[in-house]
Number of protein chains: 4
Amino acid sequence: MREYFPQIKQPVKFEGPETKNPLAFRHYDAAALVGGKSMAGHLRFAVAWWHSFVGEGRDPFGAPTMVHSWDTAGSEMERAENRVDAAFEFFTKLGVGFYCFHDADVAPAGADFSEYRTNLHRIVKLLKQRQADTGVKLLWGTANLFSHPRYAHGAATNPDPAVFAWAAAQVKNCLEATLELGGENYVFWGGREGYETLLNTDMKREQEQFARFLHLAVDYAKEIGFCGQFLIEPKPKEPTKHQYDFDAATVLGFLEHHGLSDHFKLNIEANHATLAGHTFEHELATASIHGKLGSIDANVGDPLLGWDTDQFATSAMLATRCMLVVLRQGGIAPGGLNFDAKLRRGSIDAADLFHAHIGSMDAFARGLKAAQRIIDDGVLDGFIRERYQDWSCGLGREIVEGKQDSASLEQWVVTHGEPVPRSGRQEMLENLIASYL
Amino acid sequence: MREYFPQIKQPVKFEGPETKNPLAFRHYDAAALVGGKSMAGHLRFAVAWWHSFVGEGRDPFGAPTMVHSWDTAGSEMERAENRVDAAFEFFTKLGVGFYCFHDADVAPAGADFSEYRTNLHRIVKLLKQRQADTGVKLLWGTANLFSHPRYAHGAATNPDPAVFAWAAAQVKNCLEATLELGGENYVFWGGREGYETLLNTDMKREQEQFARFLHLAVDYAKEIGFCGQFLIEPKPKEPTKHQYDFDAATVLGFLEHHGLSDHFKLNIEANHATLAGHTFEHELATASIHGKLGSIDANVGDPLLGWDTDQFATSAMLATRCMLVVLRQGGIAPGGLNFDAKLRRGSIDAADLFHAHIGSMDAFARGLKAAQRIIDDGVLDGFIRERYQDWSCGLGREIVEGKQDSASLEQWVVTHGEPVPRSGRQEMLENLIASYL
Amino acid sequence: MREYFPQIKQPVKFEGPETKNPLAFRHYDAAALVGGKSMAGHLRFAVAWWHSFVGEGRDPFGAPTMVHSWDTAGSEMERAENRVDAAFEFFTKLGVGFYCFHDADVAPAGADFSEYRTNLHRIVKLLKQRQADTGVKLLWGTANLFSHPRYAHGAATNPDPAVFAWAAAQVKNCLEATLELGGENYVFWGGREGYETLLNTDMKREQEQFARFLHLAVDYAKEIGFCGQFLIEPKPKEPTKHQYDFDAATVLGFLEHHGLSDHFKLNIEANHATLAGHTFEHELATASIHGKLGSIDANVGDPLLGWDTDQFATSAMLATRCMLVVLRQGGIAPGGLNFDAKLRRGSIDAADLFHAHIGSMDAFARGLKAAQRIIDDGVLDGFIRERYQDWSCGLGREIVEGKQDSASLEQWVVTHGEPVPRSGRQEMLENLIASYL
Amino acid sequence: MREYFPQIKQPVKFEGPETKNPLAFRHYDAAALVGGKSMAGHLRFAVAWWHSFVGEGRDPFGAPTMVHSWDTAGSEMERAENRVDAAFEFFTKLGVGFYCFHDADVAPAGADFSEYRTNLHRIVKLLKQRQADTGVKLLWGTANLFSHPRYAHGAATNPDPAVFAWAAAQVKNCLEATLELGGENYVFWGGREGYETLLNTDMKREQEQFARFLHLAVDYAKEIGFCGQFLIEPKPKEPTKHQYDFDAATVLGFLEHHGLSDHFKLNIEANHATLAGHTFEHELATASIHGKLGSIDANVGDPLLGWDTDQFATSAMLATRCMLVVLRQGGIAPGGLNFDAKLRRGSIDAADLFHAHIGSMDAFARGLKAAQRIIDDGVLDGFIRERYQDWSCGLGREIVEGKQDSASLEQWVVTHGEPVPRSGRQEMLENLIASYL
């Protein structure tokens, strides 16, 4: 088989924090145990097919800068097959256990729906073979319902039912593909489910269409025996002016309102969190406290730029705060950490793709280790427990249990007077968490 | 009675668009009919007690700039009483039908809870008298659960149940006051219900406390026979780093999750909408399509500043888009348009308060007239109706009615091929709406 | 000649504010006099070649949605020629007097520099012919130094001098083309002149390269006798993380520091202003008070989206504030108002391009008329004059003239005591300006 | 002398990274050498008087939460004197070498200017004594020209020359005080030098007033023999809608335009940088490459909040990037790192002030050590040097030296063809810098 990353002669290895080798792991040691579980088992890293093997360095003001060795010759289908080989070579050399894809990333769209289906089937067969060859698994599959011009005004939320039909047909095929490949999750990202202007939009109707659409997918999964986890990935805007799946809280409300809560969890992305005005940690925690943190798109945005920069995260602090939420809920499986991140446009060498993933895997490995130590030490959790302890007894408990009403509380206030102020100790806690890194 | 606005010799009058008198209305003509209802009946303008009679031009870097004639001498209670007189003089001279207040705006906090209660009762009595004298009504009352240091870490969501008790006791008294004054609504704005850092916060527990708190208020309202509408006012941040009532969708989800939907509607503020990354119109529409648009805080923010500037809105376009939502849902009553807006810090004269309200009342009057004409003409609504018409028949209707599943839709796609793209006509519609102004 | 906009049978006409014809002007009446000069003479509208005839509705998440009739068949060069015909048909039917272009918009890049040059010369010849045929003129030309992959790390500011050479060679040819076509200005927009990360950047050196580059252009213009105005167009970011021409003040400082002030003015774009955290009006005024407002990219951004949305402006208020700056400085010529705006991605019909331009031309026509009336009435300018009048006499004048020093001012303060506070009357002035619309 | 921080029994000590003592330094070891200079000598930490000893936890929606032991009894002047004692106790226990103040922080305003002057003189005498007692020095002094209502419409840029006079008189006295106390710098932060609305503003005139004002200060410094460094601190907005000293580039341009460049450097604040849309590192580097980085306000903002949160920085990465700029320019003296940061409103205990400073001092100590190692290793600087090496020979050198013109460059391009693209290696460099922490 042709080699696509000949620069990287052997799999990336763990060499420890002191190594000067930029193509080695400093912190990520797949088999090393953290809290009794391997790092690989905790982190379940996945490579994003679109950014890593399809993206070519285009931006709104510039043409592609990257020339991929798997993309230089042959028919569209041959190039797609070469891309599969390149991808699995990359997964293997990097030492990552999962990948994620959209239908449009792996298989050519073809001239019509039948050809799309044929192409997808053929590629799925090849992917299955490569999975068997390498042991790399599919974290999640999804349908690209945003790039094709037919989706300009929405997929499920399009004013034209014919477009809804196309979207549903794509999802059907992607569900089948995900099932066939043993994918553990299936993701919906509604990049066009929203509006450009309310002047031409019936928002109520569109949201109902969207709910109907998700119910169809749930029904079809049941029909074919797909038992993976359904996930929705919130994002507030871009490409749409306003996207209905704005953030975690909005999606949770939508799911509950439309009777979909039992079937969906959330796939939280760092860059989408900040675009919505939240920290990554906030979105993770919001999903988690509702039992709905299903998977993570591990990347980072530029806080000074107003679009989805999808950068590789290298902040150990960000990763620590992320892994704290994950560890507290008992892990992320069957979800994982998908690198929904792309090389900067000027990083045009194949080696850059390795650098990028290595740096981010190391960051999350550091975060995992720090989070486990923080939890083991118990200082942070102990602080919170103590801070709210008055809710577990006396007045607090009576309020929680519904044994106090407005009048009795007023009476309590008259009797007890002003509460004693207590410091929230934010600075001390910030120092504390910094001390683990 | 002492006169507090002697500069304004008589009530502000409607003089028509051509007037050069800056202290006259150009568009707001209270009794004039629009769509068969008076402007006053449509708009239900309310003056915000806090900004207009308490605010004194302080900002985070500067001391007060405004010296109010009602605030220069006497005991705290006497000044509070003078303020009532000044307020009703202002309402009357401006020709506005409603006002809104927090307990802390109208009555001194006193040395303890009992004194607070006594002060509030005394002022309520005076307010009731002035209402009777003038015909001005209370649009809504509310409790200030954010200014006092005891609320630094939250009111209902405080780690200390004693603070919860204080907040509940305040709400109890404010509900009684609102009932006594015939207030048509009661508002919750949770300025401190959120967190500064997740490092010291149990978000799940705090949100449950908050739900409990709202249930207590609902129960007490029932007990005392308060039948006004409960409202929650979303805001994403400021003063808190993250506020739980982030935006309309978040609050709607929270209410539904905690069994509170039947008891609450939303009070949407323009400046809070934009701080949350939404247009004012989006938040209005989100509330409205759920049947939950209860009232409006009519102001505007500065899109380039990241805090709540609470400015008086003078944009007729903003007002038109607002009134379109209001007219389409059949009006805003029992809610209204409360001017939650303050003078700029350098606008230190009593006349400025008149200029500010006049300008904003005129803007919404223009918006009302334009919105009514847009609806009467039917062009905009007709465009939307036609755009989605395929959902009312054939394939669209079958999807909506659950008569299509994934497999049948795929078959439809194979048979029918690519949909015909249609323009969304955004630019034409933007021109259209601009042509009404 | 083939007709590319057959839907539009005749030139767009002025029909007055009451017309219901969406393809007529309501306010823009080219020959009508405002302040003694025709509207066309004031506004000098230009169509942007790139958005209008090259853009096809691509966005970062979606493929092109627009199929242009001039772009469907023939060699690359034939399509470029058809595009010229389509463009001049559009200019003529719309009734606009100017256009603007980048080399890359009008002529194919070719296989190498020689071919690029040949293509450009051929198209320039055709453009010149069409200008003569129609009377439409070139407002400004420019070189596209950002789309080609060679410019990924900068054009003039590239770490590779060979890229600098390419950029200089392109500018040379574009200057020649602009001269040949009688272009009245020449624009530099440094979309790649900046950095993605300081980790790999020598900012000092890059800025010196940039200054050198501009000097070369100035020298060459002199050499060939190009007497048009050089313009720099500030933008803070996008596509680059940080762009050196951040905003008007930054560029003015750069020009002065590098001895370029005499040769350059600024081309201010509304959307770039807001991306930099400024109002459009601020950037216009900053340029204007330095005598450096040369031309305008008339568009608008979405204040809630963090990228360059390049929308057609329909706000008469925005236009009024813009035209106030223009009128106060005695006009914008030899610059003009270039519509650097594009159709929304879902606006896919040829008619949409007319709607968009008509709406924006009407907005600026309204703004022009309002601004002229505001100036004629003198109320606004009078307010400002009076506000600062104390600087023209007494203490103020002595300070300005250097007749006061720190010690004498301290003495003055001791003698005179606290100044009398005066209202800034912001709300009254906002009402005033709104009353003209 | 009364003890104000009895909780802290002894000076904070360095105990190394493994300590569990939250009131010890983990990284800051004042006398330890880094690159041959002590940490204290590199970092020159200063405590900000206003936040630490005057601020009381007020925010725009809330009353003070903090009760300072030095502020509970006595006349205004006595409290000011107690505050001095508390401050020097804090400096000594914390082990910090410098402090900074505004006149208004240390001395009561008094009833008129004479009283202000008297108060200031008295406090300066006491400060001088305490400096002598403890060895703590004044990093910089400044005048508060923004809090008093008289400055609502600007200090130097006020429409009223009488306000200009007040501001100049205050600066005169603050210069004298700074001289008397051996202050090494004098800072101008123009919090009110800008506008709320252009509708009432003559921007050109105001900027000229501002330049005049700075010249007066320069003249007076010369007169009294103050040889410290003048600094301007850029900030884009807040409290003003638009502040003239928007960012580093704007201020550098302003200084050059008004002949002030020789007399001023910049005081760069992290939180102001991000409010202006820049990274902290960008603003530092912009100042530094112009030889104008004079001092640093070491804090951090919340990237999701749109106001000046002035938080204590705990990010070692931020500190590393800061110290890289500082070390590369050969140090920050006579400037320093002033903690322009405040406790969160809920951090109400005296111990919190220690936690906050300790955490931030540790962060900058880590940053200093990492930056020194990065420079010593030479990998990062070597990468940049190599990246631009073609500018030091051949074509690059000829361009720089003015030996190439447009025509010769075009000829070069025709001869040499397309440049070879090179990766910018951003991800590798990000990994590299992360590996030092």
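Details of the structure are given in the entry above.
Here we summarise the structure given alongside this text.

Basis of the calculations
Counting restarts for each chain: residues are numbered from 1 in the order of the written sequence. In the order they appear in the text, chains get letters beginning with A and ligands get numbers beginning with 1. Where totals are concerned, whole chains, interfaces and linings use all residues; where local detail is concerned, this predicted model gives features only for residues with pLDDT of at least 70, and gives and counts side-chain atom pairs only at 80 or more. Side-chain numbers here rest on the full set of heavy atoms in the structure, without hydrogens or water. The rule is simple: take the accessible area with a 1.4 Å probe, protein chains only, and divide by the maximum for that residue type; under 20% is buried, over 50% is exposed, in between is partly exposed. Numbering goes from the N terminus for both helices and strands, where a helix is a DSSP run of H or I of at least four residues and a strand is a run of E of at least two. DSSP calls a pair of strands paired once it identifies at least 2 bridges connecting them. Here, residues are in contact when the closest pair of their heavy atoms is within 4.5 Å. The term buried area means the drop in 1.4 Å probe accessible area that two parts suffer when joined, counted for both and summed. Every case where a carboxyl oxygen of Asp or Glu lies within 4 Å of a side-chain nitrogen of Lys or Arg is listed as a salt bridge. Lys, Arg, Asp and Glu make up the charged group, whereas Ala, Val, Leu, Ile, Met, Phe, Trp, Tyr, Cys and Pro make up the nonpolar group; the residues left over, Gly among them, are polar. Axis definition: a line fitted to C-alpha atoms, limited for helices to the stretch in contact. Angles are taken between N-to-C directions and run from 0 to 180 degrees. Throughout, disulfides are identified as pairs of cysteine sulfur atoms within 2.5 Å of each other. Of the grid points, spaced at 1 Å and generated over the protein atoms alone, those admitting a 1.4 Å probe that cannot get out make up cavities, while open sets with protein on both sides within 12 Å along at least five of seven lines make up pockets; any residue with an atom within 4 Å of a point is treated as lining. Grid points are joined across faces, edges and corners, and a volume is the space filled by probe spheres set on the points.

A few words now on the pairing of strand β4 (residues 98-102) of chain A. All names here are of chain A. Counted residue by residue, β4 has five buried out of five residues, so it is predominantly covered. In β4, alternate side chains face the same way, and those of Phe98, Cys100 and His102 on one face and Tyr99 and Phe101 on the other are all buried. Pairing of strand β3 (residues 45-48) with β4, which is carried by three bridges, proceeds in the parallel orientation. Within β4, the residue paired with Ala48 across the bridge is Cys100.

Of the residues lining the interface, 29 residues belong to chain B; the matching set on chain D comes to 29 residues. Buried surface at the junction of chain B and chain D, both sides included, amounts to about 2500 Å², of which 59% is carbon and sulfur. A per-residue breakdown of the area chain B buries against chain D is headed by Phe61, Lys241 and Trp307 of chain B, which together make up 27% of the total. Linking chain B with chain D are four salt bridges, by the criterion used here. Across the salt bridge formed by Asp302 of chain D and Lys241 of chain B, the nearest N and O atoms sit 2.9 Å from each other. Broken down by class, the residue content of the side of chain B that touches chain D amounts to 12 nonpolar, seven polar and 10 charged.

We now examine the sheet that holds strand β8 (residues 229-232) of chain A. All names here are of chain A. The eight strands lie next to each other as β3-β4-β5-β6-β8-β10-β11-β12, forming a closed barrel whose pairing is parallel. For this sheet, the mean angle separating the axes of adjacent strands, direction not counted, is 30°. Here β3 runs beside strand β12 (residues 337-339); their pairing, made up of three bridges, is parallel. In the strand pairing of β12, Phe45 is matched with Leu337. Here helix α7 (residues 203-224) sits on the sheet and contacts β6 (185-188), β8 and β10 (264-269); the angle it forms with β8, its principal contact strand, is near 160°.

Another aspect to go through is the pairing of strand β8 (residues 229-232) of chain B. All names here are of chain B. Side-chain alternation along β8 places Gln229 and Leu231 on one buried face and Phe230 and Ile232 on a second face that is also buried. The sheet contact formed by strand β6 (residues 185-188) and β8 spans four bridges and is parallel. In the strand pairing of β8, Tyr186 is matched with Phe230. Relative to strand β10 (residues 264-269), β8 runs parallel, the two being bridged by three bridges. When the sheet's bridge partners are listed, Ile232 is paired in β10 with Leu266.

What follows is about the state of the cysteines. Should the sulfur atoms of two cysteines be covalently bonded, the bond is a disulfide. For the structure shown, the criterion picks out zero disulfides over all chains. Cys174 of chain D provides the cysteine sulfur closest to Cys227 of chain D, a residue in no disulfide bond, and the two sulfurs are 18 Å apart.

This next bit is on empty space enclosed by the protein. The probe, sized like a water molecule, is rolled over the atoms to show the empty space still left. Counted under the stated rule, the structure contains 19 cavities of 30 Å³ or more. Lining of the largest cavity is provided by 21 residues; of these, Ala249 and His290 of chain A together with Gln207, Thr250 and Phe254 of chain B occupy positions nearest its centre. Secondary-structure elements contributing two or more residues to the lining of the largest cavity are α8 (248-257) and α10 (280-289) of chain A together with α7 (203-224), β9 (242-243) and α8 (248-257) of chain B. Broken down by class, the residue content of the lining of the largest cavity amounts to six nonpolar, 12 polar and three charged. The space that makes up the second largest cavity amounts to roughly 140 Å³. Lining the second largest cavity are 14 residues, and of these His27, Gly359 and Asp362 of chain A together with Asn431 and Ala434 of chain D lie nearest its centre. In terms of residue class, the lining of the second largest cavity is built from six nonpolar, five polar and three charged.

Just distances and angles here, no functional claims.
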